[in-house]
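What the coordinates show
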Amino acid sequence: MDSPSDPSLRLAPHARIAVVGGGPAGSLFALSALQFAAQLDRPLDITIFERKDLRTAGPSGCNMCAGILSHRVVKGLAQLDLALPEDLILSRVRAYRLYWQANSFTIWPPDPARQVLSVYRGGGPRKSARASIVGFDQYLLNEARTRGARVVAERVQRVSFDSWPRVYTATLQENFDLVVLAIGANATPPLFERLAYDPPIAERMAQDELLLASEQSRAQMNGTVHVYFDEPSDLIFGALVPKGDFANVSLLGRHLRRNSLAEFLRLPQVAAIVGDQAPQVCGCRPCVAVSPARDYYADRFVAIGDSCVTRLYKDGIGSALATARAAAETALVHGIGRQHFAAHYAPVCRAIAADNRFGRLVFALVAHSKRNAVFMRALGRALETEAAAPPPSRVLSQTFWALFTGDASYADILRMLFKPKAIARLGKAVAQEFGS
Ligand SMILES: Cc1cc2nc3c(=O)[nH]c(=O)nc-3n(C[C@H](O)[C@H](O)[C@H](O)COP(=O)(O)OP(=O)(O)OC[C@H]3O[C@@H](n4cnc5c(N)ncnc54)[C@H](O)[C@@H]3O)c2cc1C
């Protein structure tokens, strides 16, 4: 193994970095590395390999997600001097409406400055009559290119690690100083020679895009994410996300079946929002990573984003940003050896994986609670009561806002839920339920 002082494991001026995958993690790594390089006055040659044309409408040009950008991502983009163009923002989320059986309640943001936005990840819905658009992923890729990254529109097939990593596509073979793997959870890794990388375990979810055909459904979706817990069976939660004239339908669950989406769309509380015959204009069954990768760094190799570790079920783009920045800082400031990534990058990834254990606990609590009718009615009552209180004292709304937007760690969400004020408010509402 190289010693920490091995000079060949430091990035020299014009060192060559290959980023495999031009989704958010890949582009955000390139943008962060270029920013650190400028600060350190150490120019870099970065090549991003991206197999898809992200301007194409439909799943073939899309990185398939609900497209919610958390406040953490919005803030992180500003740190990179990126200002999202207005026409890329499809909706500004002002409220979450939660449905449980015949009940529903609204969660308002604890602080209106904590923006949550929705965007497209590709060129727009497959059957939309509109020309394809520039989505979030293409925007980031364009920005990386403008700031100096080279973009190669090819799939990386193989990477060998002899003295230096060598990247192979159908038409080129090149040596690099560092290879950054950012292929997400929906691709088979390239063939790696002499590398023990083991990708995360992934689960298959379901998505569609609906055209909001009536004025009424557009008004109901405007600025509101609708979240459902009841059906189909095995659902963790399903959401309708506002996307301008469209609504994204995202179902997260275990072992979702082929007809889960149709079942979900038939639910009366869903049909009441989008209509019972909203045209389905896209559709995909993307994977979400549910465990961390193993052996995700080595000398001259590091995996980031979904190829490494992601926050459980929420704010995957936020994790892509966090891992991309941490890997870029490690490579630029400390070095590109196994020991550098172990000391400065792995702690960030371990913290995300550790927090996901609390996330599982939070989702288990939600699954358990939704079976308890008295508790759920009491929760609705408590949320309604606290809506009249000043924003800082709306402890339950703050907790649920953080849960659905990914605005706080799962450990903090549990802490918020077990604050004496939250317990007292819920306890009082439960007592009122028994008394009524
Ligand atoms: C149903 C669903 C809903 C979601 N909703 C949200 C949400 O609302 N908000 C949120 O923050 N997160 C959400 N996520 C998670 C989010 O999609 C991911 O966390 C995020 O896309 C990870 O970014 P990434 O860059 O790591 O991977 P990806 O976005 O998957 O990007 C990987 C890129 O690598 C390219 N690639 C793959 N293999 C190769 C190769 N061999 N050579 C060249 N290029 C290659 C791919 O074409 C792709 O462009 C959701 C996920 C699912 C499944």
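**Structural notes on the site of the ligand**
- As a matter of local geometry, the ligand sits amid 34 residues, with A25, E50, N63, I68 and D306 nearest to it.
- V156 has a polar backbone atom sitting 2.9 Å from a nitrogen atom of the ligand.
- For the ligand, the protein covers 95% of the area, taking 1,000 Å² as the surface of the free molecule.
- Every element with two or more residues in the shell around the ligand is listed here: α1 (24-40), β19 (287-289) and α7 (316-334).
- Of the residues belonging to the shell around the ligand, the class tally is 16 nonpolar, ten polar and eight charged.

**Quick word on the side chain of K370**
- Within the secondary structure, K370 sits in the loop between α9 (346-369) and α10 (373-386).
- Excluding residues that lie within four positions of it along the chain, K370 makes contacts with W100, F229, L235 and M376.

**Thoughts on the packing of aromatic side chains**
- The tally for this structure, following the rule as stated, stands at 18 aromatic pairs.
- For the ring pair F237 and F404, a centre distance of 6.1 Å and an interplane angle of 90° mean the geometry is edge-to-face. Of this pair, F237 sits in strand β17 (residues 235-243) while F404 is found in helix α11 (residues 395-405), placing the two residues 167 residues apart along the sequence.
- Residue classification places F237 among the buried positions, given a relative accessible area of 3%.
- Ring centres of F363 and Y410 lie 5.9 Å apart, and the angle between their planes is 70°; this geometry places the pair in the edge-to-face category. Placement of F363 in helix α9 and of Y410 in helix α12 (residues 410-417) is noted, with a sequence separation of 47 residues between them. Each member of the pair, F363 as well as Y410, is classed as buried.
- Grouped by ring-pair contacts, the aromatic residues Y96, F229, F237, Y313, F363, W401, F404 and Y410 constitute a single cluster.
- The ring of Y168 has R158 sitting right over it, with the charged end atom 3.9 Å from the ring centre.

**Regarding the nonpolar core**
- Counting 79 residues, the largest nonpolar core has F29, I46, F136, F301 and Y345 as its most contacted members.
- Those residues in contact with F301, other than ones at most four positions away along the chain, are F161, L178, V179, L181, F192, L195, Y197, D295, Y296 and F341.
- If you look at the next biggest cluster of nonpolar residues, it comprises 44 residues, including M205, I236, L252 and A408.

About the cut-offs
Residues numbered from 1 in each chain as written. Predicted model: local features only at pLDDT ≥ 70, side-chain atom pairs only at ≥ 80, totals over all residues. Heavy atoms only, no water. Near = heavy atom within 4 Å. Polar contact = N/O pair within 3.5 Å; in protein donor to acceptor, adjacent residues only side chain to side chain. Areas by Shrake-Rupley, 256 points an atom, 1.4 Å probe, with all protein chains shown as cover. Helix = DSSP H or I, 4+ residues; strand = E, 2+ residues; numbered from the N terminus. Nonpolar A, V, L, I, M, F, W, Y, C, P; charged D, E, K, R; others polar. Contact = heavy atoms within 4.5 Å. Phe/Tyr/Trp six-rings, centres within 6.5 Å; stacked < 30°, edge-to-face > 60°. Buried < 20%, exposed > 50% of the residue type's maximum accessible area, 1.4 Å probe, protein only. Lys NZ or Arg CZ within 6 Å of the ring centre and 35° of its normal. Core = buried A, V, L, I, M, F, W, Y, C linked by side-chain atoms within 4.5 Å.

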